[in-house]
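So the chains spell out like this:
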Amino acid sequence: MPFLSLPFHRLRYEDTGGHRPALVFCHSFGMRAEMFAPQLRHFAATHRCIVWDQRAHGESAAEHPFGFWDSARDLIALLDHLGIDRVAVAGTSQGGFVALRASLLAPSRIASVAVFGSSIDAESEATREAYRALVAEVQASSFEAPPLQAIEAMAHVCFGPDFDAGAWKRSWQSWNPVQWQLAFDALAGRDAIAPLVGALRMPVLVMHGTRDNAYPIEVGRRIAAAIAQARCVEVEGGQHFLSITDPDVVNRTLAAFLAEHAQRAPERLQSALTSS
């Protein structure tokens, strides 16, 4: 994969290219571009697909503390680099944090948004306390890698009890501890965007599993309720990392959403021209 060099870090990305509608995927905490392999197989024939490693993940090492507004600016910089004016953005969990923040920063660039198992809230104090305990456990270990207990807990939250997450757990075992800490700090310390997302006017698809172990279904419903053109699709039995654990329903629902709003785009343009 190529890299985009920015002033203090670089971003690894993959671009399928072509002149089809652009669709960028933003991965979740602890993951990397490859988490969207099921989506690339499904959408590469109809869309110009872009996947990328966010700061402190995969091969996009971070040199300084950062937040998800910084990651959203990274996404916009990547679009600039690739010469993409407008794009549909899809993100799982943390990827949804980034997608929605990019939509707030550059609404004219984002044609539509889809978020899977995501949130518009800051972490609760109880969750932050659990995070602090986990960080203390890691720091008390050899700190050569996240401890096995932490990895197993992450896998249960992200994939549920029935999914074979062995490959991703092995990846987490080799995660550079400095990068892990930077990524974890961004996750635990993020701000709430609930007061802001009401300004969004693009179509938004919210997909949320009824068995999401990170954010209960009410969190997904709250996103949809806060945004005028949003709707929530509840996936019965779905886990937190829906795009991996439930790829067929995600791909089918996302494809229908993109097709619906691609058809409506000329109508919205004509309406805007008529009213101006």
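Everything quoted here is computed from the prediction, not taken from an experiment.

With that settled, consider unusual backbone geometry. Glycine aside, residues mostly have negative phi angles, and peptide bonds mostly take the trans form. Although it is not a glycine, Ala56 adopts a positive phi angle of roughly 70°. With respect to the helices and strands, Ala56 occurs in the loop between β4 (48-52) and α2 (68-82). Backbone geometry at Ser93 places phi at a positive 55°, although glycine is not the residue there. Looking at the element boundaries, Ser93 is found in the loop between β5 (87-92) and α3 (94-105).

Judged from the three bridges that link them, strand β1 (residues 3-5) and strand β2 (residues 10-15) form a sheet pairing that is antiparallel. Residue pairing in the sheet places Leu4 in a bridge with Leu11 of β2. Linking two consecutive strands that pair antiparallel, namely β1 and β2, is a turn of four residues. Across three bridges, the pairing between β2 and β4 is antiparallel. Directly across from Tyr13, in β4, lies its bridge partner Trp52.

The relative placement of two packed helices is expressed as an angle between their axes plus a distance between the axes. With their axes 8 Å apart at the nearest point, α2 and α3 run at an angle of 70° to one another. Considering their axes alone, α2 and α3 lie roughly perpendicular with respect to each other. The hand of the α2/α3 crossing is right-handed. Between α2, through Phe68, Trp69, Ser71, Ala72, Arg73, Leu75 and Ile76, and α3, the contact on the second element is made entirely by Gln94, Phe97, Val98, Arg101, Ala102, Leu104 and Leu105. Of the residues contributing to the contact of α2 with α3, the split by class is ten nonpolar, two polar and two charged.

Before going further, it helps to examine the state of the cysteines. Simply put, the disulfide is a covalent bond whose two ends are the sulfur atoms of two cysteines. Within this structure, the stated rule accounts for zero disulfides. The thiol of Cys158 is unpaired, and the distance to the nearest cysteine sulfur, on Cys26, comes to 17 Å. Note on Cys158: relative accessible area 8%, which makes it buried. Cys232 forms no disulfide, and the closest cysteine sulfur to it belongs to Cys26, at a distance of 19 Å. Given the relative accessible area of 26%, Cys232 is considered partly exposed.

This part is about the nonpolar core. Looking at soluble globular proteins, one finds that nonpolar side chains tend to be buried together. In this structure, Phe25, Trp52, Phe159 and Leu254 are the most contacted members of the largest nonpolar core, which totals 85 residues. For this core, the element with the highest residue contribution is helix α7 (residues 177-188), accounting for seven residues. Residue contacts for Leu254: discarding those within four places in its chain leaves Phe25, Phe43, Ala90, Ala114, Phe116 and Leu205.

Across all of its chains, the model carries 15 salt bridges by this definition. A salt bridge links Arg73 to Asp70, with the nearest nitrogen and oxygen atoms 3.9 Å apart. Note that Arg73 and Asp70 are positioned in helix α2 at a spacing of three residues, about one turn of the helix. Here Arg190 and Glu123 are joined by a salt bridge, their closest N and O atoms 2.7 Å apart. Taken together, the positions of Arg190 in the loop between α7 and β7 (204-209) and Glu123 in the loop between β6 (110-116) and α4 (125-140) put the pair 67 residues apart, joining distant regions of the chain. Of the two residues, Arg190 and Glu123, neither departs from the other in class, the shared state being buried.

Summing up the model confidence of the protein chain, the mean pLDDT is 91 and the portion of residues at 70 or higher is 91%. Segment residues 266-276: pLDDT under 50, and two contacts once partners within four positions in sequence are set aside and those in other chains are kept.

Strand order in the open sheet formed by eight strands is β1-β2-β4-β3-β5-β6-β7-β8, with mixed pairing between adjacent strands. Two strands close off the open sheet at either side, each with one partner strand: β1 and β8 (230-235). Averaged over all adjacent pairs, the angle separating strand axes in this sheet is 20°, with direction ignored. Sheet topology note: the β6/β7 ladder contains four bridges and is parallel. What sits directly across from Val115, in β7, is Val206. Sheet strands touched by α2: β1, β2, β3 (22-26), β4 and β5. Its angle to β4, the strand with the most contacts, is close to 140°. Set on the sheet, α3 makes contact with β3, β4, β5 and β6; between it and β6 the angle comes to about 155°.

Parameters at a glance
- Residues numbered from 1 in each chain as written.
- Predicted model: local features only at pLDDT ≥ 70, side-chain atom pairs only at ≥ 80, totals over all residues.
- Heavy atoms only, no water.
- Helix = DSSP H or I, 4+ residues; strand = E, 2+ residues; numbered from the N terminus.
- Pairing = 2+ DSSP bridges.
- Axes fitted to C-alpha atoms, helices over the stretch in contact; angles between N-to-C directions.
- Parallel < 35°, antiparallel > 145°, perpendicular 65-115°, else oblique.
- Left-handed = near helix turned anticlockwise from the far one by under 90°.
- Contact = heavy atoms within 4.5 Å.
- Nonpolar A, V, L, I, M, F, W, Y, C, P; charged D, E, K, R; others polar.
- Disulfide = S-S within 2.5 Å.
- Buried < 20%, exposed > 50% of the residue type's maximum accessible area, 1.4 Å probe, protein only.
- Core = buried A, V, L, I, M, F, W, Y, C linked by side-chain atoms within 4.5 Å.
- Salt bridge = Lys/Arg side-chain N within 4 Å of Asp/Glu carboxyl O.
- pLDDT = per-residue confidence, 0-100.

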